[in-house]
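Single-letter residue listing:
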Amino acid sequence: MGEAIVRFIIGGMFVSVFAILGDLLKPKSFAGLFGAAPSVALATLLLTVHRQGASYAAIEARSMIEGAIAFCAYAYCVCCVLMHYKRPAWIVAGLFISVWLATAIGLRIVWLG
Amino acid sequence: MKITIDLSGLRRTRSRDYSMRFVFGGLITVATGIIAQRYGPATGGLFLAFPAIFPAAVTLVEKDEREKKRLAHKQGTIRGREAAALDAAGAAIGSIGLIGFAVVAWLLLADYNPIVVLCGATGMWLAISRLGWTIRRAL
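All figures in this text were calculated on a predicted structure; none of them were measured in a lab. (Residues numbered from 1 in each chain as written. Chains lettered and ligands numbered in written order. Predicted model: local features only at pLDDT ≥ 70, side-chain atom pairs only at ≥ 80, totals over all residues. Heavy atoms only, no water.)

A. View of a nonpolar patch on the surface. Residues A:Trp111, B:Trp106, B:Leu107, B:Leu108 and B:Tyr112 make up a contiguous nonpolar surface patch of roughly 500 Å² in combined accessible area. Within the secondary structure, B:Tyr112 sits in the loop between α5 (77-108) and α6 (114-138). (Patch = residues over 30% accessible without salt bridge, like charges linked within 9 Å, V, L, I, M, F, W, Y side chains within 5 Å. Areas by Shrake-Rupley, 256 points an atom, 1.4 Å probe, with all protein chains shown as cover. Salt bridge = Lys/Arg side-chain N within 4 Å of Asp/Glu carboxyl O. Helix = DSSP H or I, 4+ residues; strand = E, 2+ residues; numbered from the N terminus.)

Below you can see the structure in the form of structure tokens.
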């Protein structure tokens, strides 16, 4: 339970710092980059290095490559749908999480061979 | 175009929105730890690039733009969704930087000082993202 609380606080802090940076920067198109900031990754990898060691964290980082490719596909799909169909952003961004999941898991399976 | 710091951006964002991002970020970090414990680091690692706060951020951008138009007595629904789409395009570019982050961390984490490696990986994310943003603007 104690570890979960530490994870929650550190994860929340990293995400908040990158969110504040995104809010501070102009133009808006540049601030959009911070929607894909490595906030959760930094928090998790720091905690993993501390608890399980750097080699274990490196395995997580390798899998993160697939997650990041899936993020790219997800954000591109959200962008196209919002641009062409003008649906509410929260519905599109929420529904398309399934695209991230499918791409990430698909890549994991392919990577494993 | 020059990248600048605009402090008024902080005033536009309500404390409730920051709290929401903090909670989402905290929850996904906890969830990543649980998944890694249960299914191993290879599966848990996928969630290091989970779009945790992106849906909240893109919704906020849409709402802000709509509000701006409403204050000018204009209908801002379409403008809001276009701004959200632009934000999503930015995130797509940022996610290419995220691949660079992951590659640096994967290749160097086991052999070098983790703090230095993670700082370098973040620098790689920023450099690739900035380059992608510059190329996109040039096109």
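Further notes follow.
B. Layout of the interface of chain A and chain B. Residue-level contacts link 73 residues of chain A with 77 residues of chain B. Where chain A abuts chain B, roughly 6700 Å² becomes buried across the two surfaces, and 78% of that area is made up of carbon and sulfur atoms. Put simply, chain A and chain B have one salt bridge between them. In this structure, the salt-bridge partner of A:Asp23 is B:Arg21, at a minimum N-O distance of 3.1 Å. Applying the counting rule to chain A against chain B returns nine residue pairs in polar contact (both at pLDDT 80 or more). When contributions to the side of chain A that touches chain B are tallied by element, the ones reaching two or more residues are α1 (2-24), β1 (25-26), α2 (28-31), α3 (39-52), α4 (54-85), α5 (89-95) and α6 (97-112) of chain A. It is α4(A) that provides the largest number of residues to the side of chain A that touches chain B, a total of 25 residues. (Contact = heavy atoms within 4.5 Å. Buried area = accessible area lost by both parts, 1.4 Å probe. Polar contact = N/O pair within 3.5 Å; in protein donor to acceptor, adjacent residues only side chain to side chain.)

C. Highlighting α1(A). The first and last C-alpha atoms of α1(A) sit 33 Å apart over 23 residues, in line with the 33 Å expected at 1.5 Å per residue. Within α1(A), the full set of buried residues consists of A:Arg7, A:Gly11, A:Gly12, A:Val15, A:Ser16, A:Phe18, A:Ala19, A:Gly22, A:Asp23 and A:Leu24. (Expected span 1.5 Å × (residues − 1). Buried < 20%, exposed > 50% of the residue type's maximum accessible area, 1.4 Å probe, protein only.)

D. A look at the packing of α3(A) against α4(A). All names here are of chain A. Two elements in contact, α3 and α4, have axes separated by 7 Å at closest approach and are oriented at 150°. The angle between α3 and α4 falls in the class roughly antiparallel. In this structure, α3 uses Ala41, Thr44, Leu45, Thr48, Val49 and Gln52 to contact α4, whose residues at the interface are Ala54, Tyr56, Ala57, Glu60, Ala61 and Met64. Partitioning the contact of α3 with α4 into residue classes produces eight nonpolar, three polar and one charged. (Axes fitted to C-alpha atoms, helices over the stretch in contact; angles between N-to-C directions. Parallel < 35°, antiparallel > 145°, perpendicular 65-115°, else oblique. Nonpolar A, V, L, I, M, F, W, Y, C, P; charged D, E, K, R; others polar.)

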